[in-house]
Amino acid sequence: AQTVTQSQPEMSVQEAETVTLSCTYDTSESDYYLFWYKQPPSRQMILVIRQEAYKQQNATENRFSVNFQKAAKSFSLKISDSQLGDAAMYFCAYRPMRGSNYKLTFGKGTLLTVNP
Amino acid sequence: NAGVTQTPKFRILKIGQSMTLQCTQDMNHNYMYWYRQDPGMGLKLIYYSVGAGITDKGEVPNGYNVSRSTTEDFPLRLELAAPSQTSVYFCASSYGDRARSGANVLTFGAGSRLTVL
């Protein structure tokens, strides 16, 4: 069974600084997708960024980028120029590419605080 | 576009009562899911559906039932509510066709907070 581990229950960063959230996963699959979701206090789950495992290039979305290390099964999220609105719970998630169910497996989350 | 709509947003139940959480999506997604989120535990899959008339169990299905009579609707029923079912419930949907752009991205509803006393 696939598992996703986020080893940092909480992180904090100063506004305008950079922070990196860690995620590791366990799978026997070779093709899969990885995601970072953000959950602000409103509870809404918002997709931040996604990475296809077959792509060597790390995904980027504006101030958000990932460091995808397939051999190490590591998928960290870097937030640059942190803003107060980045404060939220961040979830790493895994989804196999093959199979008919497209189930998403989540980590337990990292609570990010942004200090002014 | 409404996206994924869940009702109710909040509900308090007494032990042993039953209720249905409603979920509707207007994106013509064929895949739909129900997750529960407990504090410090991330999201766990309760049930999912790959199309109308087809449902299957996820990680934590006990105490719940689902049905999928239409593409749009995927209600979650709680029978004989127990305190262990106190949680926040999320409905989500996605395309199941890999050829579609965004096929692997789930769109979530706003969540339903359920308390069982």
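Everything discussed here concerns the structure shown above.
First, a word on what this report is: a plain description of the structure on this page. (Residues numbered from 1 in each chain as written. Chains lettered and ligands numbered in written order. Predicted model: local features only at pLDDT ≥ 70, side-chain atom pairs only at ≥ 80, totals over all residues. Heavy atoms only, no water.)

The next subject is the sheet that holds strand S1 (residues 4-7) of chain B. All names here are of chain B. Strand order in the open sheet formed by four strands is S1-S3-S8-S7, with antiparallel pairing between adjacent strands. The open sheet has two free edges, formed respectively by S1 and strand S7 (64-66), since each of these has just one partner strand. Adjacent strand axes in the sheet meet at a mean angle of 20 degrees, parallel and antiparallel pairs treated alike. Alignment of strand S3 (residues 19-25) against strand S8 (residues 76-78), held across three bridges, turns out to be antiparallel. When the bridges of S8 are listed, Thr20 appears paired with Arg77. (Pairing = 2+ DSSP bridges. Helix = DSSP H or I, 4+ residues; strand = E, 2+ residues; numbered from the N terminus. Axes fitted to C-alpha atoms, helices over the stretch in contact; angles between N-to-C directions.)

Here we come to the layout of surface pockets. The space that makes up the second largest pocket amounts to roughly 310 Å³. Forming the walls of the second largest pocket are 18 residues, and the residues nearest its centre are Gln39 of chain A together with Gln37, Asp38, Pro39 and Arg113 of chain B. Looking at the lining of the second largest pocket, the elements that each hand over two or more residues are strand S10 (88-96) of chain A together with strand S9 (87-94) of chain B. For the lining of the second largest pocket, the class distribution of residues is eight nonpolar, six polar and four charged. (1 Å grid on protein atoms, 1.4 Å probe; cavity = no way out; pocket = protein on both sides within 12 Å on 5 of 7 lines; lining within 4 Å. Points joined across faces, edges and corners; volume = space filled by probe spheres on them. Nonpolar A, V, L, I, M, F, W, Y, C, P; charged D, E, K, R; others polar.)

Our next topic: the pattern of salt bridges. All names here are of chain A. Across all of its chains, the model carries five salt bridges over all chains by this definition. Notably, a salt bridge pairs Glu52 with Lys55, separated by 3.8 Å at the nearest N-O pair. Judged by relative accessible area, Glu52 falls into the buried class, the value being 12%. On the basis of relative accessibility, which here comes to 39%, the residue Lys55 falls in the partly exposed class. (Salt bridge = Lys/Arg side-chain N within 4 Å of Asp/Glu carboxyl O. Buried < 20%, exposed > 50% of the residue type's maximum accessible area, 1.4 Å probe, protein only.)

Geometric values such as these leave the question of function open.
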